[in-house]
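Here is what each chain is made of, one letter per residue.
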Amino acid sequence: MSYRSYYPRLRFPPKQALRYLGYRSAEPEREVLAELERVRAEVERAMTPAVCYVRVPVAEEGEELVLSLVRTKSEGLKRNLSGCGEAVLFAATIGMGADRVLSRYARVDPLREAMALAIGAAYAEELCDEFCRDLAKECAPLYPRPRFSPGYGDFPLSAQRQFFALLSPEREIGITLNDSLLMSPTKSVTAVVGLSKTPCRPNARCADCERTDCVYRASEED
Amino acid sequence: MDILQAIGRGFFFLDGGMGTLLQERGLCAGELPERWNLAHADEIVRIHSEYLAAGADAITTNTFGANALKYSDEELKAVIDGALSCARKATDQAGRGYILFDIGPSGKLLRPYGDLDFEDAVELFAKTVRLIGDRADAILIETMNDSYETKAAVLAAKENSSLPVFVTNVYGADGKLMTGADIPAMVALLEGLGVDALGMNCSLGSAQMARLLPQMYEESSVPVIVQPNAGLPREENDKTVYDEDEAFFAENLLSCAKDGARMLGGCCGTTPAYIRRAADTIKGTEPLPVVERATSVASSYTHAVGLGNVPVLIGERINPTGKKLLKQALRDNDVGYILNEALAQEKAGAHILDVNVGLPELDEAETLVRVMCALQEVTALPLQLDSSSPEALARAMRRYNGKPMVNSVNGKKSSMQEIFPLVKKYGGLVVALTLDETGIPATAEGRLKIARKILRAAERYGIKRKDIVFDPLAMAVSADPSAPRATLGALSLLREKLGANTVLGVSNVSFGLPNRELITSAFFALALGRGLSAAIMNPFSAEMIRTYRSFLALTGADENCSEYISFAAGLAPAASVTAAPAKAESVPSEGLRGAIVRGLKDQAAACAKELLRSAGALEIIDREIVPALDEVGKGFEEKRVFLPQLLMSAEAAKAAFAEIRGALSGAGEEQPRKCAVVLATVEGDIHDIGKNIVKALLENYSFRVIDLGRDVPPEKIVQAAEESGAPVVGLSALMTTTVPAMERTIALLRERLPACKVIVGGAVLTEDYAKKIGADAYGKDAMASVRYCEEIDRLSKRG
């Protein structure tokens, strides 16, 4: 049985969106910012952010980490979950409406397509962050660990199938999985969040990653 | 008594959430529930029996996920046989109860957003439907959150079974499906397909559904179904509980019943106790009648457009007749041009878009389907499928996401025999031309007579009056001065005598005359005055829009004239009636080059126009545009300019090129082009932003780009390279999982076109990886791809 939460009013993280468009410290041009705001408003009107999740015990069988139907030998996830007795598995999406905005631009307007992609991704990140903040309240006195998704490090994308078997996000919030293991709506995320007795440092999600040259890497002050 | 008769008699109670009860009885996470039909048949029978005992008139088989994606053919048959025998056992034991065969969604999303093809979806559902036989009383297609998948399932049911078909969709609190359709759009689609009952289930609790119910009843001409969840689930002491109790649920179902729901039941969390309470509470209430709604509607995958109130504008621009550029675009398979025409018409105020792609040298059916699908990716306006080929109409109507307008049928026996069965099967608002074997009657009365004949024939096919909209045919006044009088007279008669909706291709009236807009718009005003419901017209014509806005204000359709006022305030002074609506742009001091560098689209166009007075096209390209593009490109390579700015400059350059091309074609010349480049995102990959950016830049650098889109099989890429003679192919892949498809494409290119160069790009690729899979070059960013193609162009010219 999975549970659902809706986030009709999501904060917009502009820095995140600009980073996806390639800006790091540089200040974007006025025209770019004005256009970005127009596209943002359009994406916001179209999106319907929602999350479905389950809480499961963390177990190990031999070399395998077992989170209900999700089984993996991923060392990265084991490290992430070390010391956690429970975890939450969730699927989050900003909804199909955002894909319709994207699709409209994809055929005829690469500028606004790129912007809508960046904005959608930023909203999806914010949705996950907001959900994890709620989780922190809901799960107190336990602390949520940084979320960990299929495709991170050695946690294979094929775990998506197990996520879907467990969470039924098709039915709960309308996320489907295609044959290449990609999700529709495209701005969707699945992840594991360990519940730990001790708090962990902020931004550990990026700090733990081995790819230090990634343009999307969060800086310590983010 | 047959199930439809039973529903006709009064309230009809359905069962509740099978899944909830199975979980209570030990169904594990990830276990396929339909296997219980064999392994725990007794439990399934018991659940059915409990619902029947609680007052349900029908039970739903445990077959929600019984499809060929989840089961082998053999097991599929076994679980379906098991489900039907469990249901039969329960109704036999109870001595009453109808059996609904349950069909849930496939769990996959259809193209273009997902990867399941529409026809594959139809076949998937058909496999399930063919196993039902006559062992159920009806098919219930439920929990559908996509209009397109719903259509596939209904077609499968109708084509493979004669059982009644009921459909429930999943609406959000905003009254829309996940993929965008609102209630009027779904009702239009489903009634067009001929379902026997429709409604909503799952996701929402009973209180939320009760709020949506009145609108659904107001729109529907068939019985309305409501099956809410017992609210939202939450965890309490390791148990799942729902936040609506039986009493609350029953009160809301009562309110649904009073507002027009006829078939009532529950979804997730609704145990037999909920159904019992609801049935007890509703008993004694009188159901509202099922009413035939008279509104004529066409719909898209988001909304419906109704005829009969405010006149509807149908954009006529996607029709090659007399349009050189569109003809060329169709021949070149340049869908982008057509899509831009569509978006521009939408912006200009069109409510529906006519789509005609008939050119003698093209396969019209194939082209119509392709263009229609592409249009439905970018615009949410309903489409009017316009073809004289019944085959093209049949194929397009089948795949259309919504209820289309269909143009057209006429009073000829052969036409009605070909078109009406399509309208009956797929649904559609069909334009009926008042002509027949004897031609076009000269009088209004003659056209009315044909209209009556068409209505009678439609009725024999089971097509409703409201789904016919008459076109009494506007003809050139220059050829026959009395022609407009007959047409206008027919408009009045059709409205008064038949209560019918009407449509006219108004532009025809001015054929052969100068300054056509003047005559057309005056005729348009006269026709509107006679009650014209819809006009097929040019939304870019300022005169036509002025007439339309004024008409709405004059007839009270524009409250406080507010729309008129904001429209009129934006108009240029009356002197320039024929001028393009574009505002006069200020010309930046740094000229065209500066406008492009800064990414100012309108200014770039204005500058180009200005320059064309004193300089040649090629000179402008060489002296202004190319240096500007190089400046921005260099900045991008040096990481001083970022992607959005690069693309804004590309847009500005494109606007300047449009001016230059216009001037060139006026002089009978063509813009010199570089070589052809084939671009595609490889099979399995649906991300095409990288490819789209490269395309925009290559076009600026005057390459002839053949864009094959996303998810393109290797054979198609090779074929396009072969036909176009492109010396270079650009491939994009974003996922590690689709890089093998890229490798396969390269191998096939090497085998068949060894001279053709391949450049690859995408987030997961690196220089080394590109070499490993056999590419000639790696495009680390969009500019790198342009530079490489320039090099190939130089080599190909030399060699």
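The structure this text deals with has already been given above.
Attention here is on the structure that accompanies the text.

**With respect to the nonpolar core**
All names here are of chain B.
In step 1: Core analysis: the biggest nonpolar cluster contains 148 residues, and I141, L264, F420, I468 and F470 have the highest contact counts within it.
In step 2: Shared between two domains, this core takes at least three residues from each, and those domains are domain 1 (3-282) and domain 2 (309-516 + 530-539).
In step 3: What L264 contacts, discounting residues up to four positions off in sequence, is F11, F12, F13, L14, V226, L253, C256, A257 and I282.
In step 4: Counting 92 residues, the second-largest nonpolar core is a separate cluster that includes I596, A615, L646 and I792.

**Description of the sheet that holds strand β1 (residues 12-13) of chain B**
All names here are of chain B.
In step 1: The sheet built from 8 strands is open, its strands ordered β1-β10-β7-β6-β5-β4-β3-β2 with parallel pairing. The open sheet terminates on both sides in strands that have one partner only, identified here as β1 and β2 (58-60).
In step 2: Direction of pairing for β1 relative to strand β10 (residues 261-264): parallel, over a ladder of 2 bridges. Across the sheet, F13 pairs through a bridge with L264, a residue of β10.
In step 3: Relative to the sheet, helix α5 (residues 73-94) contacts β2 and β3 (98-103), its axis offset from that of β3 by approximately 155°.

**A few points about the interface of chain B and chain A**
In step 1: With 59 residues of chain B in contact, the opposing surface of chain A contributes 46 residues.
In step 2: A buried area of about 4,500 Å², summed over both sides, lies between chain B and chain A, and 59% of it is on carbon and sulfur atoms.
In step 3: Remark: the boundary between chain B and chain A carries 4 salt bridges.
In step 4: Residue D179 of chain A pairs with K108 of chain B through a salt bridge whose shortest N-O separation is 2.7 Å.
In step 5: On the surface where chain B and chain A come into contact, there are 14 residue pairs in polar contact (both at pLDDT 80 or more).
In step 6: If you list the elements that add at least two residues to the side of chain B that touches chain A, you get β6 (197-205), β8 (233-236), β9 (239-242), α13 (335-348), α14 (364-378), α25 (643-666) and α26 (689-700) of chain B.
In step 7: In terms of residue class, the side of chain B that touches chain A is made up of 28 nonpolar, 21 polar and 10 charged.

**Considering the pattern of salt bridges**
In step 1: If you walk through the whole model with that rule in mind, you get 65 salt bridges over all chains.
In step 2: Its salt-bridge partner being E172 of chain A, residue R4 of chain A comes within 3.1 Å of it at the nearest N-O pair. With R4 of chain A in strand β1 (residues 3-6) and E172 of chain A in helix α7 (residues 169-173), the pair connects residues that are 168 residues apart, well separated along the chain. In this pair, the class of R4 of chain A matches that of E172 of chain A, namely buried.
In step 3: Where K780 of chain B meets D781 of chain B, a salt bridge forms, and the shortest distance between an N and an O atom there is 3.2 Å.

**Things to note about the packing of helix α24 (residues 617-637) of chain B against helix α30 (residues 782-798) of chain B**
Residue and element names in this part refer to chain B.
In step 1: Contact geometry of α24 with α30 gives a least axis separation of 9 Å together with a crossing angle of 125°. Comparing the axis directions of α24 and α30 gives the class oblique. Crossing angle aside, the handedness with which α24 passes α30 is left-handed. Contacts from D630, G633, K634, F636 and E637 of α24 reach α30 at A782, M783 and R787.
In step 2: Broken down by class, the residue content of the contact of α24 with α30 amounts to 3 nonpolar, 1 polar and 4 charged.

**Brief notes about helix α2 (residues 30-46) of chain A**
In step 1: Look at α2 of chain A: 25 Å from first C-alpha to last across 17 residues, which is about the 24 Å you get at 1.5 Å a residue.
In step 2: Taken together, the buried positions of α2 of chain A are occupied by V32, E35, L36, V39, R40, E42 and V43 of chain A. In a view along the axis of α2 of chain A, the buried residues occupy a sector of 165°, so they form one face of it. Opposite its buried face, α2 of chain A presents the exposed residues R30, R38 and R45 of chain A, each directed more than 90 degrees away.
In step 3: Of the surrounding elements, those touching the buried residues of α2 of chain A are α1 (14-20), α4 (96-106) and α5 (110-139) of chain A together with α25 of chain B.

**Digging into the packing of aromatic side chains**
In step 1: For the coordinates displayed, the defined rule picks out 13 aromatic pairs over all chains.
In step 2: Ring centres of F249 of chain B and Y274 of chain B lie 5.4 Å apart, and the angle between their planes is 85°; this geometry places the pair in the edge-to-face category. Of the two residues, F249 of chain B is situated in helix α10 (residues 246-258) and Y274 of chain B in helix α11 (residues 272-282); the sequence distance between them amounts to 25 residues. Exposure class is identical for F249 of chain B and Y274 of chain B. Each is buried.
In step 3: Aromatic pair F420 of chain B and Y461 of chain B: ring centres 5.6 Å apart, planes at 50°, arrangement tilted. Linking F420 of chain B in helix α16 (residues 413-426) with Y461 of chain B in the loop between α17 (444-460) and β18 (468-471), this pair joins segments that are 41 residues apart in sequence.
In step 4: The class for F420 of chain B is buried, based on a relative accessible area of 0%.
In step 5: Within the aromatic cluster, the residues linked to one another by ring pairs are Y3, Y53, F90 and F131 of chain A.
In step 6: Just above the ring of F64 of chain B sits the side chain of R171 of chain A; from NZ or CZ to the centre is 4.6 Å.
In step 7: In this structure, R293 of chain B is placed above the aromatic ring of Y217 of chain B, and the distance from its NZ or CZ to the ring centre is 4.8 Å.

The rules behind each value
Residues numbered from 1 in each chain as written. Chains lettered and ligands numbered in written order. Predicted model: local features only at pLDDT ≥ 70, side-chain atom pairs only at ≥ 80, totals over all residues. Heavy atoms only, no water. Core = buried A, V, L, I, M, F, W, Y, C linked by side-chain atoms within 4.5 Å. Buried < 20%, exposed > 50% of the residue type's maximum accessible area, 1.4 Å probe, protein only. Domains from an automatic or database assignment. Contact = heavy atoms within 4.5 Å. Pairing = 2+ DSSP bridges. Helix = DSSP H or I, 4+ residues; strand = E, 2+ residues; numbered from the N terminus. Axes fitted to C-alpha atoms, helices over the stretch in contact; angles between N-to-C directions. Buried area = accessible area lost by both parts, 1.4 Å probe. Salt bridge = Lys/Arg side-chain N within 4 Å of Asp/Glu carboxyl O. Polar contact = N/O pair within 3.5 Å; in protein donor to acceptor, adjacent residues only side chain to side chain. Nonpolar A, V, L, I, M, F, W, Y, C, P; charged D, E, K, R; others polar. Parallel < 35°, antiparallel > 145°, perpendicular 65-115°, else oblique. Left-handed = near helix turned anticlockwise from the far one by under 90°. Expected span 1.5 Å × (residues − 1). Arc of directions from axis to C-beta. Phe/Tyr/Trp six-rings, centres within 6.5 Å; stacked < 30°, edge-to-face > 60°. Lys NZ or Arg CZ within 6 Å of the ring centre and 35° of its normal.

All we've got here are geometric facts, nothing functional implied.
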